[in-house]
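Descriptive analysis of the structure
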Amino acid sequence: VVTNCKCEDMKATILLLYMTSFLQANAQCGDKKIRLIGGRLEIEGRVEVCLNGQWSTVCDSVWGSKHARVACRELGYSEDNATVFSSAYFGRGMRNTPVHIVKCTGQEEKLANCTIREPNNKPKEKNCNNHWRDAGVHCRPFIPQNVTTAATGTDVTISWRPPALARSMNKQLLYHVVCSVDISNATYDYRVETRMQEITMPQLLPSTAYNCCVAIGAYIQNFTNCSSITTGESAGTSSNCSAVGGVLGTLTVILVLLLIGLIVCVAIYWKKIKASDQACKPSTRLVYDLQSWCAYSYYLILYMYRNSDSLE
């Protein structure tokens, strides 16, 4: 019974793989014009190009390093050290998938710009149609240079430079930034994608060691450049304290000045009252002026408080 179960499971697995391959072979191209199938990584696989709205494999009869460079260039990877594979190294295409001969000079930006035709009956192209000669490629991603990290509290800023080849090509690259931390034998990643050459990851864990890596295109661990950083104390504690302290200090100075002015005002009016025999009228005037002074002081304090940020 167990053996039968294993056989049934294996049949289901084979059927699933077959259906997956069938769907891939018959999938609409969409916006993509080239893809790699069957590789362990996203940077390698059987080369398939979009022709007339359908995916087609490439025969290896004329497939060489210059063709591989064009394929890697179109995929957004580095064209240096592109590795050529032949004889269906990454698996054969489906039967209903067409096969084409692609001939490039090596200067093209895309495989679609190369000369493309169907195989003929010559001995060199004899086994192209049965997919025994499907071509493949292994590309090398661009690797960012001079990755540096800096921490301001719990905010970590990561900066880098694009590779020299990408700078010479004036190529716009998509960077994948990952800051990892190990907590209780588990790894937690903070991931961001950007086209800039600097990014800040805010509010990470305080007093924690992070390893921040930058990759170009798909995140592949073996093709990254990394830098380690330890975050500071809790974000905003010191800055908030200093801000509050600055506001309180400003208000204290204002209150002291107002108090001094109030004392001087009372002293002047008291002197006038002493100098005259009519105590009632000056005292009434004094009360009115003191009320006006207090109202003025209140609005002045309120104004200074609301604009305390500009006073810092």
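Rules used in this analysis
- Residues numbered from 1 in each chain as written.
- Predicted model: local features only at pLDDT ≥ 70, side-chain atom pairs only at ≥ 80, totals over all residues.
- Heavy atoms only, no water.
- Helix = DSSP H or I, 4+ residues; strand = E, 2+ residues; numbered from the N terminus.
- Buried < 20%, exposed > 50% of the residue type's maximum accessible area, 1.4 Å probe, protein only.
- Contact = heavy atoms within 4.5 Å.
- Core = buried A, V, L, I, M, F, W, Y, C linked by side-chain atoms within 4.5 Å.
- Pairing = 2+ DSSP bridges.
- Axes fitted to C-alpha atoms, helices over the stretch in contact; angles between N-to-C directions.
- Patch = residues over 30% accessible without salt bridge, like charges linked within 9 Å, V, L, I, M, F, W, Y side chains within 5 Å.
- Areas by Shrake-Rupley, 256 points an atom, 1.4 Å probe, with all protein chains shown as cover.
- Salt bridge = Lys/Arg side-chain N within 4 Å of Asp/Glu carboxyl O.
- Phe/Tyr/Trp six-rings, centres within 6.5 Å; stacked < 30°, edge-to-face > 60°.

Turning to the overall build of the chain, a few remarks are in order. Of the regular secondary structure elements, the chain holds 6 helices and 14 strands. The buried share among the 312 residues of the chain stands at 36%. Long-range contacts, defined as pairs at least 24 residues apart, comprise 62% of the intrachain contacts of the chain with a sequence gap of at least 6.

Core analysis: the biggest nonpolar cluster contains 22 residues, and V47, V58, W63, L111 and V137 have the highest contact counts within it. Sorting the residues of this core by element identifies β1 (34–38), β2 (44–51), α2 (65–75) and β7 (136–140) as the ones contributing at least two each. In terms of residue count, the dominant contributor to this core is α2 (4 residues). Counting residues in hydrophobic clusters, the runner-up holds 19 residues, among them A166, Y175, I199 and V214.

It is worth spelling out the pairing of strand β9 (residues 155–161) at this point. Sheet analysis places strand β8 (residues 145–152) next to β9, joined by 6 bridges and oriented antiparallel. The partner of T149 across the bridge, within β9, is I158. Joining the antiparallel neighbours β8 and β9 is a turn of 2 residues, in which G153 adopts a positive phi near 65°.

Turning next to the sheet that holds strand β13 (residues 209–216). Pairing is antiparallel across the open sheet formed by 4 strands, whose spatial order is β11-β10-β13-β14. The strands lining the two open edges of the sheet, one partner per strand, are β11 (186–194) and β14 (225–230). Adjacent strand axes in the sheet meet at a mean angle of 20° when their direction is disregarded. Sheet topology note: the strand β10 (residues 175–183)/β11 ladder contains 9 bridges and is antiparallel. Bridging across to β11, C179 finds its partner in Y190.

Our next topic: unusual backbone geometry. One non-glycine residue with positive phi stands out, namely N81, at about 60°. Take N81: it is sitting in strand β4 (residues 78–85). Residue class for N81 comes out exposed when judged on its relative accessible area of 65%.

With that settled, consider a nonpolar patch on the surface. Together, V253, V256, L257, I260 and V264 give the surface a local cluster of nonpolar side chains, amounting to about 440 Å² of exposed area. Counting through the fold element by element, I260 comes out in helix α4 (residues 237–275). Note on I260: relative accessible area 47%, which makes it partly exposed.

Turning next to the pattern of salt bridges. Tallied over the full model, the rule gives 7 salt bridges. Between E44 and R40 there is a salt bridge, and its shortest N-O distance comes to 3.9 Å. You can call E44 buried: its relative accessible area is 6%. Accessibility expressed as a relative area gives 73% for R40, which makes it exposed. The partner of R73 in a salt bridge is E79, and the shortest N-O contact between them spans 2.8 Å. Comparing R73 with E79 shows no difference in burial state: the two are buried. Here the salt bridges do not stand alone but share partners, grouping R35, R46 and E48 into one network.

Here we come to the environment of C213. Looking at where C213 falls in the secondary structure, it is placed in strand β13. Considered as a pair, C213 and T149 are 64 residues apart in the sequence and their alpha carbons are 9.8 Å apart.

By the definition in use, this model includes 5 aromatic pairs. Seen in terms of ring centroids, Y89 and F90 are 4.9 Å apart; in terms of plane orientation they differ by 80°. Their pairing is edge-to-face. Take F90: its relative accessible area is 11%, and that puts it in the buried class. An aromatic cluster is built from F85, Y89 and F90, whose rings are joined through pairwise contacts.

This next bit is on the sheet that holds strand β12 (residues 198–201). Overall, antiparallel pairing links the 3 strands, which are arranged β8-β9-β12 in an open sheet. At either end of the open sheet lies a strand with only one pairing partner, and these are β8 and β12. Neighbouring strand axes in the sheet, compared pairwise and without regard to direction, differ in orientation by 15° on average.

Let us look at the environment of V47. By the element assignment, V47 lies in strand β2. Each C-alpha atom of the pair V47 and R35 lies 6.1 Å from the other, and the pair is 12 residues apart in sequence. For V47, the contacting residues outside a window of four places in its chain are I34, R35, L36, S56, T57, V58, W63, L111, A135, G136 and V137.

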